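# Structural characterization, general
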Amino acid sequence: MRLAEGLRRASGHARLAAVEIAIIGGGIGGISAALALQQVGLQATVYEQAPEIGEVGAGIGLWPGALKSLREIGIADWFWDLPVSPFRWARTATPAGQEVLGFDVLGMTRGLGYVVRRPDLLAALSACLAPGRVLTGKRLTALHREDAVALSFADGTSARADLVIGADGLHSVVRREVVNELAPRYSGETCWRGITDFRVADPGLMQEVQGGGRRGAVHALGDDSVYWWTTARTPAGSPAGSKTDLVAALSGWQCELPAAIEATDEAAILHNDLFDRDPVTAWSKGPVTLLGDAAHPTTPNLGLGGCMAIEDALVLARALAGNRAYGQALAQYEYERHPRTARVV
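Residues numbered from 1 in each chain as written. Predicted model: local features only at pLDDT ≥ 70, side-chain atom pairs only at ≥ 80, totals over all residues. Heavy atoms only, no water.

### Comments concerning the overall build of the protein chain
We count it as follows: Secondary structure elements are taken from DSSP: a helix is a run of H or I of four residues or more, a strand is a run of E of two residues or more, and numbering for both begins at the N terminus. The quantity called the radius of gyration is restricted to C-alpha atoms. Its globule counterpart is 2.2 Å times the number of residues to the power 0.38. Only heavy atoms enter the contact rule, under which two residues are in contact if any of them lie within 4.5 Å.
Summing up its helical and strand segments, the protein chain has ten helices and 17 strands in all. Taking 2.2 N^0.38 as the reference for a compact globule, 345 residues should give roughly 20 Å; the C-alpha atoms of the protein chain span a radius of gyration of 21 Å, in line with that estimate. With the principal axes as the frame, the protein chain shows a C-alpha extent of 65 × 40 × 35 Å. Sequence-distant contacts in the protein chain: of pairs separated by 6 or more residues, those separated by 24 or more amount to 74%.

Put into structure tokens, the structure is as follows:
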């Protein structure tokens, strides 16, 4: 049952008065939130700092909570026809190929666990939004709370909103209004990732190889392409090195990772240090709240950062649709989401 249908059938729920909602950030979390709100009859404007909506060319693991949420908020039907390879079995192995741990994934997820391209996910979400709800080239520089929230952007424009949802990621500008804290915490790992044409021997196997301060995996995207990633323990800000250096560092690994990297165009390899933050007790302050990595940034293991942002969007839309005041709605949202997200982080 989709979100809007479920709320229509619910008896006696109160509706939040009509408000102007601003979502800062047009990534997976922000667009998911806009679509979830649209499903319950609440319109939001998304302000994205990039010149166009788009995700970097990498993959994301999706799990039951996120996939069920995507169906409820009404993602484009064609998303469910994408070629995917559901995970059946997971194992951790040494570089020499020795299994350390293995478990049945299919038994836990019933097939709701696989990797898709991030750009495909974002396109399928964006396709269902009403026209004109996303404004690009809008980098937020400041917000001020008065009778409403005043938003200032780097291009000299401004806007006002009754409610602001910060979905602007790890270095969230909105978060500064809500949480007084230091810079994000470096995890100790840096990460390389990419997508390439490559065929794995067993598309249903989710295998992570670990050894020598490094780890990595290759995940099928349908039959003939893969998403791969690998990390190394190194000081923050260390040079990425060349593709040749990366392959050499994995020399002798008895898995498909070195060959997948070798098959990738060097210009398409992404490199980022990995950060997170300790969980905080509150994500909201007055009519301002946070969602996804702005609220609970975590390292991107298993794609759970993106998955939690999608789940946040559904729970927040439900709360706003079922309460007369934003304060009640945001309290309910945090109450429902904080335990899970803190545990994951």
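### Brief notes about the pairing of strand 14 (residues 214-220)
Convention followed: When a residue's accessible area, from a 1.4 Å probe over protein chains only, is under 20% of the maximum for its type it is buried; when over 50% it is exposed; and in between it is partly exposed. Note: two strands are recorded as paired if DSSP finds a minimum of 2 bridges between them.
The buried fraction of strand 14 is high, at six of seven residues. Where strand 13 (residues 205-211) lies against strand 14, four bridges are found, and the strand directions are antiparallel. What sits directly across from Gly 211, in strand 14, is Arg 214. In sequence, strand 13 turns back onto strand 14 through a hairpin of two residues, with Gly 212 there showing a positive phi of about 60°. Looking at chain direction, strand 14 and strand 15 (residues 225-233) are connected through seven bridges and run antiparallel. Of the residues in strand 15, the one forming a bridge with Val 218 is Trp 228. Remark: four residues form the turn of the hairpin made by strand 14 and strand 15, two consecutive strands paired antiparallel; Gly 222 in that turn has positive phi of roughly 75°.

### Description of the sheet that holds strand 9 (residues 149-153)
Let me state the cut-off plainly: For helices, the fitted axis covers only the stretch in contact; all axes are lines through C-alpha atoms, and the angles between them, taken along N-to-C directions, range from 0 to 180 degrees.
If you walk across this open sheet you meet the three strands as 8-9-10, and the pairing is antiparallel. Lying at the two open borders of the sheet, with one neighbouring strand each, are strand 8 (140-145) and strand 10 (158-161). Averaged over neighbouring strand pairs, the angle between their axes works out to 20° when direction is ignored. Summarising the sheet, strand 9 and strand 10 pair through four bridges and their orientation is antiparallel. Its bridge partner being in strand 10, Leu 151 is matched across the sheet by Ala 159.

### Some remarks on the side chain of Glu 311
Tracing the sequence through the fold places Glu 311 in helix 9 (residues 304-321). Filtering out sequence-adjacent residues up to four positions away, Glu 311 remains in contact with Gly 65, Ala 66, Ser 69, Arg 337 and Arg 340.

### Digging into the pattern of salt bridges
We count it as follows: The salt bridge criterion pairs a side-chain nitrogen of Lys or Arg with a carboxyl oxygen of Asp or Glu, the two atoms within 4 Å.
Taken as a whole and judged by the stated rule, the model has 15 salt bridges. When the shortest N-O distance is used, the salt bridge between Arg 88 and Asp 202 registers 2.9 Å. Pair noted here: Arg 88 is in the loop between helix 3 (64-73) and strand 4 (89-93) and Asp 202 is in the loop between strand 12 (185-197) and strand 13, with a separation of 114 residues, a long-range link. Under the relative-accessibility criterion, Arg 88 is labelled partly exposed at 41%. Its salt-bridge partner being Asp 276, residue Arg 185 comes within 2.8 Å of it at the nearest N-O pair. With Arg 185 in strand 12 and Asp 276 in strand 16 (residues 270-276), this pair connects stretches of sequence that are 91 residues apart.

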